[in-house]
Amino acid sequence: MPLNIACFGQPGSYTYEAMKSYFAGKNISPAYGSHFEDVVQAVATRQARYGVLPIENSSTGGITDVYDLIHRYDCCVVGEKYVKVEHCLLTLPGTKLEDIREVYSHPQGLNQCRSYLKHHGEWQLHPYFSTSQSAEQVQKMEDPHIAAIANKTAADMYGLDVLVEHINDNTMNYTRFFIIAADMEQSPEADKITLVLTTQHRPGALYHVLGYFFYNGMNMTHLESRPLKGRPFEYFFHIDVMGNLRNPATSRVLRNLAEHCNYFKILGNYVSDQGGNVDEIRRHRG
Ligand SMILES: O=C(O)C(=O)C[C@]1(C(=O)O)C=C[C@@H](O)C=C1
């Protein structure tokens, strides 16, 4: 039986690449969603066993809608994948740079190419569903004045030319993707924990939370704050720390921490992506 996977975008999107790479060698049956919510909903209603979504980018930061959706639909994080994002300007075959008047891409794609696009201030920018759907749109419209920002896979899939390569502002442009599921999964090799909490509304509350990790030697790799609905200037904190919940010391620290929070939920404990990409990012940092 193939694994039903809900994937954001469509074939050729960066999320598609993340899915291919994470599930390499597995028998999968993907279904695509144009909105992040489609993917989370498919997983929450168990139409799909797993979902794949972008969660943070090394240039533009956290993809905050996805944090909110995972939490709202009560989904769990069961894996992660980093993908190097190398944007290109794609056009109909034969189009020249001076022909272009409009550019389609996912809002993240447009954001990650801001400097390049500034040099072409006359272009009209269209935020679109995903990079791959933008490429398909250029193919469908058959208008040589229209280009898309997407990757080379999308160029091949939708019969477009790669007019300009490497147009992202940051050459080390990586996106991290979450693999989500309706239920928690536990593996002895899991080494990363994603959790969400709200602190008590008093001075130093977050300092106190961070201190738990620091004094117990737990490496915090990500912190993202999201506003609490209906509670102005109060926040959910989404946190990633390295560790395995089966380790008694780790679970004790988290239990103690939970007692000091107004809300505390572990979203997942999974194997971190220790692939070449992560090593490359670290090497670059020096
Ligand atoms: O549009 C796509 O191809 C996506 O997979 C979405 C997405 C994102 O939302 O961050 C994924 C990676 C890149 O950062 C740009 C776009």
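Residues numbered from 1 in each chain as written. Predicted model: local features only at pLDDT ≥ 70, side-chain atom pairs only at ≥ 80, totals over all residues. Heavy atoms only, no water.

- Taking an unreviewed UniProt entry as the reference, the protein is identified by name as Prephenate dehydratase belonging to Megasphaera intestinihominis.
- UniProt's Pathway (unreviewed entry) comment on the protein is quoted here verbatim: "Amino-acid biosynthesis; L-phenylalanine biosynthesis; phenylpyruvate from prephenate: step 1/1."
- Its UniProt record, at the heading Catalytic activity (unreviewed entry), says of the protein: "prephenate + H(+) = 3-phenylpyruvate + CO2 + H2O". (UniProt positions renumbered as here; feature names shortened; annotations may be inferred.)

## Some details on the domain arrangement of the protein
Interface size, as often reported, equals the accessible area lost upon joining of the parts.
Working step 1: What the domain assignment reports for the protein is domain 1 (1–84 + 173–184), domain 2 (88–171) and domain 3 (188–270).
Working step 2: Contacts between the two partners involve 20 residues from domain 1, matched on the other side by 19 residues from domain 2.
Working step 3: Carbon and sulfur atoms make up 47% of the area that domain 1 and domain 2 hide from each other, which totals about 1,500 Å².
Working step 4: The largest share of the area that domain 1 buries against domain 2 comes from Gln10, Tyr14 and Asn173, three residues that together contribute 34% of it.
Working step 5: Where domain 1 meets domain 2, there are zero salt bridges.
Working step 6: At the boundary of domain 1 with domain 2, the tally comes to twelve residue pairs in polar contact (both at pLDDT 80 or more).
Working step 7: In terms of residue count, helix H1 (residues 14–22) provides more of the side of domain 1 that touches domain 2 than any other element does, three residues in total.
Working step 8: Each residue belonging to the side of domain 1 that touches domain 2 can be placed in one class, and the counts come to six nonpolar, twelve polar and two charged. (Domains from an automatic or database assignment. Contact = heavy atoms within 4.5 Å. Buried area = accessible area lost by both parts, 1.4 Å probe. Salt bridge = Lys/Arg side-chain N within 4 Å of Asp/Glu carboxyl O. Polar contact = N/O pair within 3.5 Å; in protein donor to acceptor, adjacent residues only side chain to side chain. Helix = DSSP H or I, 4+ residues; strand = E, 2+ residues; numbered from the N terminus. Nonpolar A, V, L, I, M, F, W, Y, C, P; charged D, E, K, R; others polar.)

## Description of the site of the ligand
Working step 1: Not every one of the 15 residues close to the ligand is listed here, only the nearest: Tyr14, Thr15, Gln112, Thr131 and Thr175.
Working step 2: Here an oxygen atom of the ligand and a side-chain polar atom of threonine 15 are 2.5 Å apart.
Working step 3: At 2.9 Å from an oxygen atom of the ligand is found a side-chain nitrogen or oxygen belonging to glutamine 112.
Working step 4: Relative to its unbound accessible area of 360 Å², the ligand is 100% covered by the protein chains.
Working step 5: Those elements that provide at least two residues to the shell around the ligand are H1, strand E3 (50–57), helix H4 (107–112) and strand E11 (174–181).
Working step 6: Classifying every residue of the shell around the ligand by side-chain character gives six nonpolar, nine polar and no charged.
Working step 7: A domain-level breakdown of the shell around the ligand finds at least three residues from each of domain 1 (1–84 + 173–184) and domain 2 (88–171). (Near = heavy atom within 4 Å. Areas by Shrake-Rupley, 256 points an atom, 1.4 Å probe, with all protein chains shown as cover.)

## Quick word on the pattern of salt bridges
Working step 1: Under the counting rule described, the total for this entry stands at 13 salt bridges.
Working step 2: Its salt-bridge partner being aspartate 74, residue lysine 265 comes within 2.2 Å of it at the nearest N-O pair. Within this pair, whereas lysine 265 is found in strand E15 (residues 261–270), its partner aspartate 74 is found in the loop between helix H3 (64–72) and strand E5 (76–84), the two being separated by 191 residues in sequence.
Working step 3: Aspartate 74 gets classed as partly exposed once you look at its relative accessible area, which sits at 48%.
Working step 4: Of the charged contacts, one joins lysine 152 and glutamate 165 as a salt bridge, the two residues approaching to 2.9 Å between their closest N and O atoms. (Buried < 20%, exposed > 50% of the residue type's maximum accessible area, 1.4 Å probe, protein only.)

## Observations regarding the side chain of threonine 250
Working step 1: Mapped onto the secondary structure, threonine 250 falls in helix H9 (residues 248–259).
Working step 2: Not counting the four nearest positions on each side in its chain, threonine 250 is found in contact with Ile193, Met218, Gly243 and Asn244.

## Details of the sheet that holds strand E13 (residues 220–227)
Working step 1: What the four strands build is an open sheet, ordered E13-E14-E12-E15; its pairing is antiparallel. Two strands in the sheet have a free side with no partner beyond their single neighbour: E13 and E15. Sheet twist, expressed as the average angle between the axes of neighbouring strands with direction ignored, equals 15 degrees.
Working step 2: Where E13 meets strand E14 (residues 235–242), seven bridges bridge the pair, whose relative direction is antiparallel. Paired with leucine 223 across the strands is isoleucine 239, a residue of E14.
Working step 3: Sitting on the sheet, H3 touches strand E12 (192–199), E13, E14 and E15, and the angle it makes with E13 is about 80 degrees. (Pairing = 2+ DSSP bridges. Axes fitted to C-alpha atoms, helices over the stretch in contact; angles between N-to-C directions.)

## Details of the sheet that holds strand E9 (residues 146–150)
Note on sheets: strands pair through backbone hydrogen bonds, and any given pair is parallel or antiparallel.
Working step 1: One open sheet holds the five strands; their spatial order is E8-E7-E9-E6-E10, and the pairing between them is mixed. In the strand order of this sheet, the two ends are held by strand E8 (124–127) and strand E10 (161–164), each with one partner. Adjacent strand axes in the sheet meet at a mean angle of 35 degrees, parallel and antiparallel pairs treated alike.
Working step 2: Sheet topology note: the strand E7 (residues 102–105)/E9 ladder contains three bridges and is parallel. The residue bridging glutamate 102 from the neighbouring strand is isoleucine 146, located in E9.
Working step 3: Strand contacts of helix H6 (residues 131–141): strand E6 (88–91), E7 and E9, with the helix running at about 160 degrees to E9, the strand carrying the most contacts.

## Some details on the environment of isoleucine 266
Working step 1: Tracing the backbone shows isoleucine 266 in strand E15.
Working step 2: A relative accessible area of 22% places isoleucine 266 in the partly exposed class.
Working step 3: The spacing of isoleucine 266 and valine 77 is 189 residues in sequence and 9.2 Å in space, taken between C-alpha atoms.
Working step 4: Every residue in contact with isoleucine 266, bar those within four places of it in the chain, is listed here: Met184, Ile193, Thr194, Leu195, Leu245 and Leu254.

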